[in-house]
Amino acid sequence: EEYVEARASLGCVLVENDELELALAAFQGALAIHPDYADVHYHLASLLDRLGSTDEAEGHWQKFLELAPESPWATMARSRLKVLTS
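Note that the coordinates shown come from a computational prediction; the quantities given were computed from them, not determined experimentally.

A. Representation of the environment of E5 in the model. Here E5 lies in helix α1 (residues 4-16). For E5, a relative accessible area of 45% corresponds to the partly exposed category. Separated by 34 residues in sequence, E5 and D39 have C-alpha atoms that sit 9.1 Å apart.

The following block contains the structure:
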C-alpha cells in the first residue's frame, strides 16, 4: 500500500494493455493513499478522458496543475482543461 509509485506504474501498464477498468482502480487506490501524488492525477485524468468521463477528468487535470504547475505535462493538462471548459 505504501508504494504509491508501484500502484501508479501498475495503472500505466494496465492502460497500455487496455485493461482500463483495472487501471482506473489502480489509480484510484493510489490516490486513496496519497491524494497529492500529481502523476496519478495526470494519468487518471487521461484515462477518464479516454473513458468519456470528462467532468471527472476535469477535476483531476485541475488538481494535477495545482500540484505540479511546472511539470513537463502541464502544457497538455492546460490544453485539455481549455477544451473541457470551452
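B. Local environment of the packing of helix α4 (residues 54-67) against helix α5 (residues 74-85). Across the interface, α4 lies against α5 with an axial gap of 9 Å and an inter-helix angle of 140°. Handedness of the crossing formed by α4 with α5: left-handed. Contacts between α4 and α5 involve T54, E58, W61, Q62, F64 and L65 on the former and, on the latter, A74, A77, R78, R80, L81, L84 and T85.

C. Broad picture of the packing of α1 against helix α2 (residues 20-33). Orientation of α1 relative to α2, taken along the N-to-C sense of each, is 165°, at an axis distance of 8 Å. As summarised for this structure, α1 and α2 are arranged roughly antiparallel, according to the angle between their axes. Considering only the axes of α1 and α2, their crossing is left-handed. In contact with V4, R7, A8, L10, G11, C12, L14 and V15 of α1, α2 contributes L20, L22, A23, A26, F27, G29, A30 and I33. Considered class by class, the residues forming the contact of α1 with α2 number 13 nonpolar, 2 polar and 1 charged.

Parameters and conventions
- Residues numbered from 1 in each chain as written.
- Predicted model: local features only at pLDDT ≥ 70, side-chain atom pairs only at ≥ 80, totals over all residues.
- Heavy atoms only, no water.
- Helix = DSSP H or I, 4+ residues; strand = E, 2+ residues; numbered from the N terminus.
- Buried < 20%, exposed > 50% of the residue type's maximum accessible area, 1.4 Å probe, protein only.
- Axes fitted to C-alpha atoms, helices over the stretch in contact; angles between N-to-C directions.
- Left-handed = near helix turned anticlockwise from the far one by under 90°.
- Contact = heavy atoms within 4.5 Å.
- Parallel < 35°, antiparallel > 145°, perpendicular 65-115°, else oblique.
- Nonpolar A, V, L, I, M, F, W, Y, C, P; charged D, E, K, R; others polar.

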